[in-house]
Amino acid sequence: MIYVVGLGPGGEDQLTPRALAALGRCDVIVGYKTYIDLIAPRFKGRKELVVSPMKGEVRRCEDALRRSREGCTVGVVSSGDPGVYGMAGIMLEVAAGHEEVIVVPGVTAACAAAAVLGAPLTHDFAVVSLSDLLTPWELIARRLEAAAAGDFVICLYNPMSHGRPDNLRLACETLLKTKSPDTAAGWVRSAGRDGEEAHLTTLGELAGEKLDMFCTAIVGSSATKVVGGRLVTPRGYQRP
Ligand code: SAH
């Protein structure tokens, strides 16, 4: 049996009881160092904790499958939700026809960041990752254009890293082709973890902000506004 478990944004208080119970049933837990570190205090000495390297995703799933077929209950951990830019898809592909895989959801960064900023996702929203490691930039830009054309609130995952310092600026320039620079926006670093930071801004200003891989940015729709210092997209309840 393999559990693919979402740990939520970081803090233990955002790990769901179901995720905790699934991890409790595992003999072996594998994941990136950051995520293993998050759960180590609770499970060290009681479980085999296996740190696996970045970019070793397929190998990690093959190892998980092998351990499972040897008779272990295996947990593969992702931050946030494992089905949102996480390990669930690749694990299901690798294990198909061999082993049962149970996906345990978690609080994804968009929801964690939105809650810190206020309530920007109260209406239709789109989620776009700016990582062009596995997706060509042309496709990312096309999706940003479509989300802007649809006037969605837009959550940006993987906004920046050392390898791609210009992606956030390029994304903002793409959105600015149709959206106003005054569009309300915000970003959160380390939502739900130590060092959490939240910033309100505008789409025009966001292009120049120094975000990193621990940040999620949210760009409002034309209806999104700042209310009492919080970012809010009205649901429409107050319309006559
Ligand atoms: N499966 C994860 C996403 C992994 S992609 C989820 O559902 O949340 C990695 C990106 O997620 C980061 O670059 C960042 O944009 C976002 N992210 C993950 N944890 C975060 C946190 N605690 N605070 C802000 N953004 C976070």
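Residues numbered from 1 in each chain as written. Predicted model: local features only at pLDDT ≥ 70, side-chain atom pairs only at ≥ 80, totals over all residues. Heavy atoms only, no water.

## Description of the site of the ligand
Working step 1: The full set close to the ligand counts 19 residues, and Val 84, Thr 108, Met 213, Cys 215 and Thr 216 are the nearest of them.
Working step 2: Within the contact set of the ligand, an oxygen atom lies 2.9 Å away from a backbone nitrogen or oxygen of Ala 109.
Working step 3: Within the contact set of the ligand, an oxygen atom lies 2.7 Å away from a backbone nitrogen or oxygen of Cys 215.
Working step 4: Against a free-state accessible area of 550 Å², the protein chains account for coverage of 93% of the ligand.
Working step 5: Here the shell around the ligand is built from residues that sort into 11 nonpolar, 6 polar and 2 charged.
Working step 6: In this structure, the shell around the ligand is formed jointly by two domains, domain 1 (2-104) and domain 2 (109-232), each of which donates at least three residues. (Near = heavy atom within 4 Å. Polar contact = N/O pair within 3.5 Å; in protein donor to acceptor, adjacent residues only side chain to side chain. Areas by Shrake-Rupley, 256 points an atom, 1.4 Å probe, with all protein chains shown as cover. Nonpolar A, V, L, I, M, F, W, Y, C, P; charged D, E, K, R; others polar. Domains from an automatic or database assignment.)

## Overview of the packing of aromatic side chains
Working step 1: Using the criterion set out here, one finds 2 aromatic pairs in the structure.
Working step 2: Ring geometry for Tyr 32 versus Tyr 35: centroids 5.4 Å apart, planes at 55°, classification tilted.
Working step 3: In this structure, Arg 60 packs its charged tip against the face of Tyr 32, placed 4.4 Å from the ring centre. (Phe/Tyr/Trp six-rings, centres within 6.5 Å; stacked < 30°, edge-to-face > 60°. Lys NZ or Arg CZ within 6 Å of the ring centre and 35° of its normal.)

## As for the domain arrangement of the chain
Working step 1: Considered domain by domain, the chain is made up of domain 1 (2-104) and domain 2 (109-232).
Working step 2: Placing the centre of domain 1 and that of domain 2 at their C-alpha centroids yields a distance of 28 Å.
Working step 3: Opposite the 9 residues of domain 1 that make contact, domain 2 presents 10 residues.
Working step 4: Summing the contributions of domain 1 and of domain 2, the shared interface buries around 730 Å²; its carbon and sulfur component is 61%.
Working step 5: If you look at where domain 1 meets domain 2, you find 0 salt bridges.
Working step 6: Joining domain 1 to domain 2, the criterion identifies 2 residue pairs in polar contact (both at pLDDT 80 or more).
Working step 7: When grouped by side-chain class, the residues that make up the side of domain 1 that touches domain 2 number 4 nonpolar, 4 polar and 1 charged. (Contact = heavy atoms within 4.5 Å. Buried area = accessible area lost by both parts, 1.4 Å probe. Salt bridge = Lys/Arg side-chain N within 4 Å of Asp/Glu carboxyl O.)

## Here we look at the sheet that holds strand E11 (residues 215-219)
Working step 1: Pairing is mixed across the open sheet formed by 5 strands, whose spatial order is E7-E8-E11-E9-E10. Pairing within the sheet leaves two strands with one partner each, and these edge strands are strand E7 (125-129) and strand E10 (197-202). For this sheet the average axis-to-axis angle between neighbouring strands, irrespective of direction, equals 20°.
Working step 2: The pairing of strand E9 (residues 184-189) with E10 spans 6 bridges and is classified as antiparallel. Bridging across to E10, Gly 186 finds its partner in Leu 200.
Working step 3: The strands touched by helix H5 (residues 109-117) are strand E8 (153-157), E9, E10 and E11; relative to E11, the strand with the most contacts, the crossing angle is about 70°. (Pairing = 2+ DSSP bridges. Helix = DSSP H or I, 4+ residues; strand = E, 2+ residues; numbered from the N terminus. Axes fitted to C-alpha atoms, helices over the stretch in contact; angles between N-to-C directions.)

## Observations regarding unusual backbone geometry
Working step 1: Positive phi is not limited to glycine here, since Tyr 85 has a value of about 50°.
Working step 2: Tracing the backbone shows Tyr 85 in the loop between strand E4 (74-78) and helix H4 (88-95).
Working step 3: Even without being glycine, Asn 158 reaches a positive phi, approximately 45°.
Working step 4: Summarising the element assignment, Asn 158 is placed in the loop between E8 and helix H7 (167-176).

## Some thoughts on the UniProt feature "domain: Tetrapyrrole methylase" (unreviewed entry) in the chain
Working step 1: With numbering aligned to this structure, UniProt lists the feature "domain: Tetrapyrrole methylase" (unreviewed entry) at residues 1-207.
Working step 2: Structurally, residues 1-207 is divided into 37% helix and 22% strand, and its ends, taken at the C-alpha atoms, are 45 Å apart. (UniProt positions renumbered as here; feature names shortened; annotations may be inferred.)

## Considering the sheet that holds strand E13 (residues 230-232)
Working step 1: The sheet built from 3 strands is open, its strands ordered E6-E13-E12 with mixed pairing. Sheet topology places strand E6 (118-119) and strand E12 (225-227) at the edges, where each strand pairs with a single neighbour.
Working step 2: As judged from the 3 bridges shared by E12 and E13, these two strands associate in the antiparallel manner. Pairing of Val 227 across the sheet is with Arg 230, part of E13.

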